[in-house]
Amino acid sequence: RATRSVVIMASGSRRSTPEQLFDHVLVIQLELPAGTPKVLYRFPPATSDDSSDEPTTVVQFCFPEEDTLGAAVTTDSGNSQTFSFVLTAPDGSKRFGYCRRFMLQPPECCCIISLVASFSLFSDILNIVEQRRRISSTAVFSFLKALLAHPFPEAGDSFVAKTFSTTNPSGMDEYKITRPSTDTMLDYVRVPFPPRKRCTEVEYR
């Protein structure tokens, strides 16, 4: 599997300590041949308090080249791309988006929104998401639900997320999730990426 990683990041994070690993996950699909991205679903579902235009911003980041991506799916079918970005609120607080884009028919992107700045941690989580996505969307969301069942670990600590097995109907899959000793967006350097990268910061209201 050929994976191309692109990093979209910003510096100067100011954030509170989260109670869980991530806030929510958006799954976005690019409708072909029109090339129109749309949010398929959100996990956990949105509440009445979620009034920002964040989903629109995330959609734009997941498929910025929506007009030309359809042709790329033919040549890159089966591949995936990993990237991240930062959402900045009017009060200066930041949330981080970690995305895995699947070059399917039609293309699909899974985007994790979190208060945690740790590219390597969420890249590992997205590896599991991609593995289970080959089975079904249900397999993905059972894993994400298992992650939210655990409190946010201390730096350097681990926990084991258990969910139904994708290979053994009567068994369970177990995944050890380890938070790095230092949370940073700079640990993306251990993942291959193209020579060009751009830094950006997005404001949402």
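Relevant structure appears above.
Residues numbered from 1 in each chain as written. Predicted model: local features only at pLDDT ≥ 70, side-chain atom pairs only at ≥ 80, totals over all residues. Heavy atoms only, no water.

Visitor: Quick one: what's the story with the overall build of the chain, residue by residue and with numbers?
Guide: Within the chain one finds four helices and eleven strands. With 205 residues in all, the chain has 47% of them scored as buried. Expressed as a percentage of contacts within the chain between residues at least 6 apart in sequence, the contacts between residues at least 24 apart total 63%. Split by element, the accessible area of the chain, about 10300 Å² in all, is 51% carbon and sulfur. (Helix = DSSP H or I, 4+ residues; strand = E, 2+ residues; numbered from the N terminus. Buried < 20%, exposed > 50% of the residue type's maximum accessible area, 1.4 Å probe, protein only. Contact = heavy atoms within 4.5 Å. Areas by Shrake-Rupley, 256 points an atom, 1.4 Å probe, with all protein chains shown as cover.)

Visitor: Would you mind going over the pairing of strand E9 (residues 172-178) in detail, with residue names and values included?
Guide: Of the two faces of E9, the one holding Asp-173, Tyr-175 and Ile-177 is buried and the one holding Met-172, Glu-174, Lys-176 and Thr-178 is not buried anywhere. Inspection of the sheet shows strand E8 (residues 158-164) paired to E9 by seven bridges, in the antiparallel sense. Among the inter-strand pairings, Ser-158 is bridged to a residue of E9, identified as Thr-178. (Pairing = 2+ DSSP bridges.)

Visitor: Describe in detail the side chain of Ser-165, supporting the description with residues and values.
Guide: Looking at where Ser-165 falls in the secondary structure, it is placed in the loop between E8 and E9. In contact with Ser-165, other than residues within four places in its own chain, are Gly-171, Met-172 and Asp-173.

Visitor: Please set out the nonpolar core residue by residue, giving values where relevant.
Guide: Membership of the largest hydrophobic core comes to 32 residues, with the highest contact counts inside it found for Leu-21, Phe-22, Phe-122, Ile-125, Leu-144, Leu-147 and Ile-177. Looking at this core, the elements that each hand over two or more residues are strand E3 (24-31), strand E6 (94-102), strand E7 (108-114), helix H3 (119-133), helix H4 (137-148), E8 and E9. Not counting chain neighbours up to four residues away, the residues in contact with Leu-147 comprise Leu-21, Phe-22, Ile-125, Phe-159, Ala-161 and Ile-177. Of all hydrophobic cores here, the second largest spans 15 residues; its members include Leu-26, Leu-30, Phe-63 and Cys-109. (Core = buried A, V, L, I, M, F, W, Y, C linked by side-chain atoms within 4.5 Å.)

Visitor: Which residues make up the packing of aromatic side chains, and what values go with them?
Guide: Under the criterion given, the structure shown has six aromatic pairs. Between the aromatic rings of Phe-61 and Phe-85, the centroid separation amounts to 4.6 Å while the plane-to-plane angle is 10°, which identifies the pairing as stacked. Residue Phe-61 is located in helix H1 (residues 54-62), and its partner Phe-85 is located in strand E5 (residues 80-88); the two are separated by 24 residues in the primary sequence. Residue Phe-61 shares its accessibility class with Phe-85, and that shared class is buried. A centroid spacing of 4.4 Å and a plane angle of 10° characterise the contact between Tyr-98 and Phe-122, whose relative ring orientation is stacked. Linking Tyr-98 in strand E6 with Phe-122 in helix H3, this pair joins segments that are 24 residues apart in sequence. A relative accessible area of 1% means that Tyr-98 is categorised as buried. (Phe/Tyr/Trp six-rings, centres within 6.5 Å; stacked < 30°, edge-to-face > 60°.)

Visitor: Give me the pairing of E3: which residues, what numbers.
Guide: Taking burial as the measure, the eight residues of E3 include seven buried ones, the bulk of the element. Of the pairings in the sheet, the one linking E3 to E7 comprises six bridges and is antiparallel in character. In the sheet register, Val-25 faces E7, and the bridge partner there is Ile-112. In this structure, the hairpin formed by E3 and strand E4 (residues 36-43) is closed by a connection of four residues, where Gly-35 is found at a positive phi of approximately 70°.

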